[in-house]
Amino acid sequence: MKFSRRVIDTPPYLFHLIDEKRKAAQEKGVDVISLSIGDPDQPTPDFVLSIMEEEIRDPRNHVYPSYKGEPDFCEAVAAWFDKRFGVQLDPRTEIMAVIGAKDAVSHLPLVFLDPGDCALVTDPGYPVYEAAVRFAGGHPVRIPLLEENRFLPDLESIDPQTADKAHIMFVNYPNNPTAAVADRSFFEKLVAFALKHDLVILADNAYSEVYFAQEDRPISIMKIPGAKETALEIHSFSKTFNMTGWRIGFITGSKELINAVLTFKSNIDSGVFMAVQRTAARALSHPEAERFNQQRTDLFRNRRDRIAKVLSGLGFKFQLPRASYYFWVRIPPSYASSVKFCADLLEHQGLVVTPGVGYGPSGESFFRISMTAPDQRIDEGMERLTTFMKDRQ
Ligand SMILES: Cc1ncc(COP(=O)(O)O)c(C=O)c1O
């Protein structure tokens, strides 16, 4: 039996490994608390489930969907995009449904890269960016996200020759894992950079609706003049409506860019289950959507503030998350490795958090806490972290 280099050279997926460790501890009888993966603990809201109950019974939704996305889905997205971001998109040509943001992220490099081509990926970053570039035979060049730059890439420090060689650049704001946000002026510089170096920005906006203050409300890169021609923006329903298991998202960009993706993806999959598309479409404009969004924001803000209080009390160094589900926290100075810190925390306290190095070498001195566990488990997790730190004083 022979496996491809693609498989042999790819390290196991970070969350798969963490899950294995969690299971092994549970099998030994440990009551494990996981503040690791960003999967909302809350269910998909009732109003979405009620729509699905109707849509799933409609036999017209049971056949193969269109490759690009159903017209009513694309129209609903266009209407939402206009209302939410003030950006007008042509639903016929500038929007495409995808099977979650991960589907887009993992396939887009195959649309733009030939073997040996260069791609800029942020470090730390969602691990799939780099893996997908490698699967396409591309050469990922890591762009560090440093705290002193508010975890934004320093575009001026990127070697112009490397930028000229690059065909794509992944960016992600609100950011996983750092919880940083980007403002309009950053996106303006980014679009200018992309136009200058003739590269396509793949802007992952999966967390666009998870933010805590009005002034941090994420914008769309599509708002910047010229962006449509040089960027694809990736959206997801996973975090917006607690629909991680439903697998639906969409991408936006110029007709030319969307067509290129369609040429590729129509040979890969057969679109998103129509009942899911129609449910998602109706959810976007549903009267309950805003209230739900507000409740979710309040829930996560409250969790954020409780966790921040404990971390500050223990002397941890971190920026207060402005968006997303995550805390990006420096490991204690007594540790040289994020993996060791997280392994010790699991071994001694049954608490799972994610080692920062899993998101790239620049994450080595950090760990990530996800707020996606029930309140009581989060509080217990913070108590365990407190005991762990006190035991080491
Ligand atoms: C930055 C980022 N992009 C994409 C995804 C995947 O989202 P989806 O569930 O839509 O595939 C995640 C999931 O955690 C993420 O953190």
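Residues numbered from 1 in each chain as written. Predicted model: local features only at pLDDT ≥ 70, side-chain atom pairs only at ≥ 80, totals over all residues. Heavy atoms only, no water.

**Notes on the packing of aromatic side chains**
- A complete count under the given rule lists 29 aromatic pairs for this structure.
- Ring centres of Phe-316 and Phe-367 lie 5.6 Å apart, and the angle between their planes is 70°; this geometry places the pair in the edge-to-face category. On the criterion of sequence distance, the pair formed by Phe-316 in the loop between α12 (289–313) and β9 (326–330) and Phe-367 in strand β12 (residues 366–370) is long-range, its members being 51 residues apart. Here the two residues Phe-316 and Phe-367 agree in accessibility, since each one is buried.
- For the ring pair Tyr-335 and Phe-341, a centre distance of 5.2 Å and an interplane angle of 80° mean the geometry is edge-to-face. With respect to class, Tyr-335 is no different from Phe-341; both count as buried.
- Joined through ring pairs, the aromatic side chains of Phe-47, Phe-73, Trp-80, Phe-81, Phe-85, Phe-237, Phe-241, Phe-250 and Phe-292 make up one cluster.
- Over the aromatic face of Phe-300 sits the side chain of Arg-303, whose NZ or CZ is 5.2 Å from the ring centroid.
- Seen from the ring of Tyr-326, Arg-368 lies directly overhead, with NZ or CZ sitting 3.8 Å from the centre. (Phe/Tyr/Trp six-rings, centres within 6.5 Å; stacked < 30°, edge-to-face > 60°. Helix = DSSP H or I, 4+ residues; strand = E, 2+ residues; numbered from the N terminus. Buried < 20%, exposed > 50% of the residue type's maximum accessible area, 1.4 Å probe, protein only. Lys NZ or Arg CZ within 6 Å of the ring centre and 35° of its normal.)

**Remarks on the pattern of salt bridges**
- Across all of its chains, the model carries 30 salt bridges by this definition.
- A salt bridge links Lys-83 to Glu-290, with the nearest nitrogen and oxygen atoms 3.4 Å apart. In this pair, Lys-83 sits in helix α4 (residues 71–85) while Glu-290 sits in helix α12, placing the two residues 207 residues apart along the sequence. Of the two residues examined, Lys-83 and Glu-290, each falls in the exposed class.
- Residue Arg-301 is joined to Asp-298 by a salt bridge in which the shortest nitrogen-to-oxygen separation is 3.2 Å. Of this pair, Arg-301 and Asp-298 both sit in helix α12, 3 residues apart, which is roughly one turn of that helix. (Salt bridge = Lys/Arg side-chain N within 4 Å of Asp/Glu carboxyl O.)

**Focus on unusual backbone geometry**
- A cis amide bond links Asp-123 to the next residue, Pro-124, at an omega of 5°.
- Note on placement: Pro-124 falls in the loop between β3 (118–123) and α6 (127–135).
- Along the chain, Tyr-173 connects to Pro-174 via a cis peptide bond; the corresponding omega equals -5°.
- Mapped onto the elements, Pro-174 comes out in the loop between β5 (166–172) and α8 (184–197).
- Although it is not a glycine, Asp-198 sits at a positive phi angle of roughly 55°.
- With respect to the secondary-structure elements, Asp-198 resides in the loop between α8 and β6 (200–204).
- Although it is not a glycine, Arg-247 sits at a positive phi angle of roughly 65°.
- Take Arg-247: it is sitting in the loop between β7 (231–236) and β8 (249–252).
- By relative accessible area, which is 29% here, Arg-247 ends up partly exposed.

**Description of the sheet that holds β9**
- As summarised here, the arrangement of the 3 strands in space is β9-β12-β11, forming an open sheet in which the pairing is antiparallel. Where the open sheet ends on each side, the last strands, each with one partner, are β9 and β11 (354–355).
- Relative to β12, β9 is paired through 5 bridges, and the arrangement is antiparallel. From the neighbouring strand, Phe-327 faces β12, where its bridge partner is Ile-369. (Pairing = 2+ DSSP bridges.)

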